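# A look at the structure
Take a look at the letters that make up each chain.
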Amino acid sequence: MTALVQAFVDIVGILFTFVETYMVPATAADITIIHVAIWTPVIIGLITLTVGFVKGLWSRRGRRA
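Quick caveat: nothing in here was measured; it's all calculated off a predicted structure.

So, on to the overall build of the protein. Within the protein one finds two helices and zero strands. Summarising its shape, the C-alpha atoms of the protein cover approximately 50 × 45 × 15 Å along the three principal directions. Residues counted as buried form 3% of the 65 residues belonging to the protein. As displayed, the protein has an accessible area near 6000 Å², and 74% of this comes from carbon and sulfur atoms.

Okay, here's the thing in structure tokens:
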């Protein structure tokens, strides 16, 4: 089981390093159309999920268990 967890952590580390190296620009001058094409839907999705989560929390406040 420990080996399986270690393999998972290693794979996540490799993916994180790849994203950090190639997908996150170091400066504003390094932003390309690829960065815009990839990160725009990601940012929109995160905003949508956050707004939906907050709305869900607010709608549950008035309900009784």
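Right, let's talk about the environment of Ile-34 for a bit. Within the element layout of this structure, Ile-34 appears in helix α2 (residues 33–61). The sequence separation of Ile-34 and Gly-45 amounts to 11 residues, and the corresponding C-alpha distance is 17 Å.

Time to look at a nonpolar patch on the surface. On the surface, Ile-31, Ile-33, Ile-34, Val-36, Ile-38, Val-42, Ile-43, Leu-46, Ile-47, Leu-49 and Val-51 cluster together to form a nonpolar patch covering roughly 990 Å² of accessible area. Relative to the assigned elements, Ile-43 resides in helix α2.

A separate point is the side chain of His-35. Inspection of the secondary structure puts His-35 in helix α2. His-35 sits in the buried class, given a relative accessible area of 11%. Discounting chain neighbours no more than four positions away, the residues touching His-35 are Tyr-22, Met-23, Val-24, Pro-25, Asp-30 and Thr-40.

This part is about the environment of Lys-55. Of note, Lys-55 is situated in helix α2. Residues Lys-55 and Phe-16, spaced 39 residues apart in sequence, show a C-alpha to C-alpha distance of 31 Å.

Under the definition given, this model contains one aromatic pair. For the pair Phe-18 and Tyr-22, a centre-to-centre distance of 5.1 Å together with 45 degrees between the ring planes defines the contact as tilted. One end of the pair, Phe-18, and the other, Tyr-22, are both in helix α1 (residues 2–23), four residues apart, so they sit about a helical turn from each other. Given a relative accessible area of 45%, Phe-18 falls into the partly exposed group.

About the thresholds
In every chain, residue numbers begin from 1 and rise along the written sequence. Totals for whole chains, interfaces and linings use all residues, but because this is a predicted model, local features are given only for residues with pLDDT of at least 70 and pairs of side-chain atoms are given and counted only at 80 or more. Remark: hydrogens and water are excluded; side-chain values derive from all non-hydrogen atoms of the structure. Numbering of helices and strands starts at the N terminus; helices are DSSP runs of H or I of at least 4 residues and strands are runs of E of at least 2. Burial status follows relative accessibility: with a 1.4 Å probe on protein chains alone, a residue under 20% of its type maximum counts as buried, one over 50% as exposed, and anything between as partly exposed. Computed with a 1.4 Å probe, the accessible areas rest on the Shrake-Rupley method; for each residue, only the protein chains presented here act as cover. Any residue with relative accessible area above 30% and no salt bridge may belong to a patch, with like charges joined within 9 Å and the nonpolar Val, Leu, Ile, Met, Phe, Trp and Tyr side chains within 5 Å. A pair is scored as a salt bridge if a Lys or Arg side-chain nitrogen falls within 4 Å of a carboxyl oxygen belonging to Asp or Glu. Note on contacts: a residue pair is in contact if any heavy atoms of the two residues lie within 4.5 Å. Classification of ring pairs uses Phe, Tyr and Trp, with its six-membered ring standing for Trp, and accepts pairs whose centres are within 6.5 Å; under 30 degrees between planes counts as stacked, over 60 as edge-to-face, and the remaining range as tilted.

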